[in-house]
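What the coordinates show
One letter stands for each residue in the lines below.
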Amino acid sequence: MGTPLTDDEFADQLRTFNHTAFRLELQPVYLEPSEHDTVAKFLAGDPEPPTEVPGLAAWFEQITALTQQGKRIERVRVHEEPPTDYQRWERWIGRWNVEAGETMRYLTRARAHEIGLLPAAGNVDWWLLDSSRLIMMRFDEVGHRISNELVTEPATVVQACAWRDLAVHYAAPDNARSAAAA
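Residues numbered from 1 in each chain as written. Predicted model: local features only at pLDDT ≥ 70, side-chain atom pairs only at ≥ 80, totals over all residues. Heavy atoms only, no water.

Examining helix α6 (residues 154-170)
For α6, which comprises 17 residues, the first-to-last C-alpha distance of 25 Å matches the rise-based estimate of 24 Å (1.5 Å per residue) to within 8%. By the burial criterion, the buried members of α6 are T156, V157, A160, C161, W163, R164 and A167. Contacts made by the buried residues of α6 are with β2 (20-25), β3 (72-79), β4 (103-108), β5 (125-129), β6 (133-139) and β7 (145-151). By the N-cap criterion, in which a side-chain oxygen at the helix start approaches the backbone nitrogen of a residue two or three places on, α6 is capped by E153, the distance to A155 being 3.2 Å. (Helix = DSSP H or I, 4+ residues; strand = E, 2+ residues; numbered from the N terminus. Expected span 1.5 Å × (residues − 1). Buried < 20%, exposed > 50% of the residue type's maximum accessible area, 1.4 Å probe, protein only. Contact = heavy atoms within 4.5 Å. Polar contact = N/O pair within 3.5 Å; in protein donor to acceptor, adjacent residues only side chain to side chain.)

Side note on the sheet that holds β3
Pairing is mixed in the open sheet, where 8 strands are placed in the order β1-β7-β6-β5-β2-β3-β4-β8. Of all strands in the sheet, those bounded by a partner on one side alone are β1 (3-4) and β8 (172-173). Pairing between β5 and β6: 5 bridges, direction antiparallel. Counterpart to W126 in the pairing with β6 is M136. Running over the sheet, helix α1 (residues 7-15) touches β1, β5, β6 and β7 and is turned about 50° from β7. (Pairing = 2+ DSSP bridges. Axes fitted to C-alpha atoms, helices over the stretch in contact; angles between N-to-C directions.)

Considering the packing of aromatic side chains
Both the distance between ring centres and the angle between the ring planes are used here to describe each pair of aromatic rings. Under the defined criterion, the tally for this structure stands at 7 aromatic pairs. Aromatic pair F22 and W126: ring centres 5.8 Å apart, planes at 50°, arrangement tilted. Taken as a pair, F22 in strand β2 and W126 in strand β5 lie far apart in primary sequence, 104 residues in all. Residue F22 shares its accessibility class with W126, and that shared class is buried. In this structure an aromatic cluster arises from ring pairing among Y30, Y86, W89 and F139. (Phe/Tyr/Trp six-rings, centres within 6.5 Å; stacked < 30°, edge-to-face > 60°.)

Concerning the pattern of salt bridges
This model, assessed by the stated rule, comprises 18 salt bridges. A salt bridge links R88 to D85; its shortest N-O distance comes to 3.3 Å. In this pair, R88 and D85 both sit in helix α4 (residues 85-100), 3 residues apart, roughly one turn of the helix. Take R88: its relative accessible area is 39%, and that puts it in the partly exposed class. (Salt bridge = Lys/Arg side-chain N within 4 Å of Asp/Glu carboxyl O.)

Concerning the nonpolar core
In this structure, I73, W89, W127, L129 and I135 are the most contacted members of the largest nonpolar core, which totals 26 residues. At the level of elements, α1, α2 (36-43), α3 (54-68), α4, β5 and β6 are the ones that each hand at least two residues to this core. In this structure, I73 is in contact with F17, A21, I63, L66, T67, G101, E102, T103 and W127, ignoring residues within four places of it in sequence. Core analysis: the next-biggest nonpolar cluster, separate from the first, contains 23 residues, L117, V124, W163 and A171 among them. (Core = buried A, V, L, I, M, F, W, Y, C linked by side-chain atoms within 4.5 Å.)

Overview of the packing of α3 against α4
Look at α3 against α4: their axes get within 8 Å of each other, and the N-to-C directions meet at 35°. As α3 packs across α4, the resulting crossing turns out to be right-handed. Contact with α3, carried on its side by L56, W59, F60, I63, T64 and T67, involves W89, I93, W96, N97 and A100 of α4 and no other residues of that element. Looking at the contact of α3 with α4 residue by residue, the classes come out as 8 nonpolar, 3 polar and no charged. (Left-handed = near helix turned anticlockwise from the far one by under 90°. Nonpolar A, V, L, I, M, F, W, Y, C, P; charged D, E, K, R; others polar.)

Set out below in C-alpha cells:
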C-alpha cells in the first residue's frame, strides 16, 4: 500500500515536513532499544533526566528547532487505565516534550472506544505530516517496531485526518503544559 522507509528515511520525514506533524500512539508499550536503560531506571525509582539520554535529547532539540520555525508538532497517546509501566514513564517524560514545544494529549483506551476511534483506527501508530502523507509504524505483539511505511494514497490520508481530528477533540491536554507555562 505504501513505500517502506529505512530508519534514516523515517527520521528525514520527521525533519522535513512543512507545517504540521501529528502522532497517534496506540501501543501499550514500546520496546525501543534506545529507551531500555532509561525506562528501567525510571521503574527502579532512579529516573535520569531525559535530556541526558542522547536519543531523547536530540528529539527535544529537534522539536525546539522545528517549533521555533513556526511548525506544529502534536500527539495523542492512547493509554490504558491504569497506565502500563511504560506509559507511566511516557507521562513522566512528557514534560520535556511540552517544554520543547510539542503539544501532548491523552485518551484512555476505553474513551477511544467510546468515541469510535478504536477499533476503527486499528493497531498501527502513525505520523501524519502536513495532512498529506502518513508514516505507518507497525509493531509486533510485544512492542518492537518492525516497519515504517510512507503512505500518500488520498483516501487513507483523509481517513487519518479524520481520526486525528476526533482524537484531538476528545483527548485531554498533558498536565505538564500548564506547569511548563507557569
